[in-house]
Amino acid sequence: MKRIVAITLTTASLMAGSLAQDAKNAGLTPIPASQSALLKLIDNPKNPISKAKVKLGEKLYMDPRLSKSELISCNTCHNLMEGGDDGVGAATGHKWRHNPHHLNSPTVYNAVFFGSQFWDGRAKDLEAQAQGPTLAHPEMAATKEHIVKVIKSMPEYVKEFKEAYGDNVKITFEKITDTIGNFERTLVTPAPYDAFLNGYKEAMTPKQKEGLKTFIQIGCASCHNGVALGGEMGAFNVTGTYKYMSTGDFKGDKNGMVKVPTLRNITETAPYFHNGMIWNLKDAIKEMGRIQLGTKISDKQASSIEAFLGSLTGKKPHMMMPMLPASTDATPKPDLN
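Residues numbered from 1 in each chain as written. Predicted model: local features only at pLDDT ≥ 70, side-chain atom pairs only at ≥ 80, totals over all residues. Heavy atoms only, no water.

Caption draft 1: Spatial organisation of unusual backbone geometry. For the peptide bond that leads from alanine 270 to proline 271, omega is 5°, which places it in the cis range. Inspection of the secondary structure assignment puts proline 271 in the loop between β2 (257–259) and α11 (281–293). One non-glycine residue, phenylalanine 118, adopts positive backbone phi at about 75°. Tracing the backbone through its elements, the reader meets phenylalanine 118 in the loop between α4 (74–77) and α5 (126–135). (Helix = DSSP H or I, 4+ residues; strand = E, 2+ residues; numbered from the N terminus.)

Caption draft 2: Here's a closer look at helix α8 (residues 173–184). The end-to-end C-alpha separation of α8 is 17 Å, in line with the 16 Å expected for 12 residues at 1.5 Å each. Summarising burial for α8: 9 of the 12 residues are buried, a large majority. Within α8 the residues assigned to the buried category are Phe173, Ile176, Thr177, Thr179, Ile180, Gly181, Asn182, Phe183 and Glu184. Buried-residue contacts for α8 involve α3 (51–62), α4, α5, α6 (144–152) and α7 (155–165). (Expected span 1.5 Å × (residues − 1). Buried < 20%, exposed > 50% of the residue type's maximum accessible area, 1.4 Å probe, protein only. Contact = heavy atoms within 4.5 Å.)

Caption draft 3: Examining the environment of glycine 84 more closely. Relative to the helices and strands, glycine 84 resides in the loop between α4 and α5. Using a relative accessible area of 0% as the deciding quantity, one classes glycine 84 as buried. Separated by 56 residues in sequence, glycine 84 and leucine 28 place their C-alpha atoms 22 Å apart. In contact with glycine 84, not counting residues within four places along its chain, are Cys77, His78, Asn79, Pro106, Thr107, Val108 and Tyr109.

Caption draft 4: Main features of the packing of α5 against α8. One can describe the packing of α5 onto α8 by two numbers: an axis separation of 8 Å at closest approach and a directional angle of 115°. Helix-helix and strand crossings are classified by hand; for α5 and α8 the assignment is right-handed. Residue-level contacts link Leu126, Glu127, Gln129, Ala130, Gln131, Thr134 and Leu135 of α5 to Phe173, Glu174, Thr177, Asp178, Ile180, Gly181, Asn182 and Glu184 of α8. (Axes fitted to C-alpha atoms, helices over the stretch in contact; angles between N-to-C directions. Left-handed = near helix turned anticlockwise from the far one by under 90°.)

Caption draft 5: Quick peek at the side chain of histidine 78. Here histidine 78 is to be found in the loop between α4 and α5. For histidine 78, a relative accessible area of 17% corresponds to the buried category. For histidine 78, the side chain forms a polar contact with the main-chain oxygen of glycine 84, separated by 3.5 Å. (Polar contact = N/O pair within 3.5 Å; in protein donor to acceptor, adjacent residues only side chain to side chain.)

Caption draft 6: Region of the structure containing the environment of phenylalanine 161. Of note, phenylalanine 161 is situated in helix α7. Under the relative-accessibility criterion, phenylalanine 161 is labelled buried at 0%. With 108 residues separating them along the chain, phenylalanine 161 and lysine 53 place their C-alpha atoms 7.9 Å apart.

Have a look at this one:
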């Protein structure tokens, strides 16, 4: 009996090793287990990560006073207490207005691994992306001048910028958004899937491993690959037309390309697709098979893939809600108009 058990375990181990290699051959890449390797992957040489920048960036990310109404922060649409998104179909911003293109808020978790930011890929990195929502009228609706004035009006913020960048720092809109981007670079969520690909064979359940096989065999990894399992620009409506394409006017970038959403933490980021019109994950899987792969995914296959996607739910960075500096007489007043 012992000999049979030993052989069985060895075979299972070999199969797991083969599956991990198959995944890597399909272009799937884990988050590095080494902190030094991870830092090399997420850092920006032009805006190096530091504890002081990250601490300050977290406060700025959470501070609603950067918005025109002083009611909306980055965390409003990218809630770090759940999936890093807002859980509604279309992003909702200033004066409670929905995104005019009916665009869904993507998760900010693991966005550092994306090749480009926004659904149309117009921002190259997180620092550039952070500038958009703060100034966009349907979102935070602020101006560069308002944001700089808010920060400079509070001595505690001025002190923290000096701690992060040196006494001669010039507090500009770009420096503020760079600091937010610096914090966002640390929002990485390693998952059981990563542990499995990094050599820990028991990190995923048998159902999740079977789902990974199905994911690869059906062709999902042709677009959802790399560290982010997405994040690059790709063609949309390849073999069919998305059934909710008429909701909103978004058609992709000038070439019709759309950023492939990450599958990390996908079980926590419903609703799905660029316009947030599908709430059920199995339905989203089937629709992707139809319009991207020309494949009718069965209930069994969809359940199998869904099991695998559960292994992508990662461990979020531990954080406490930061205490923000008190406003002063010089701090701009809220404008709800």
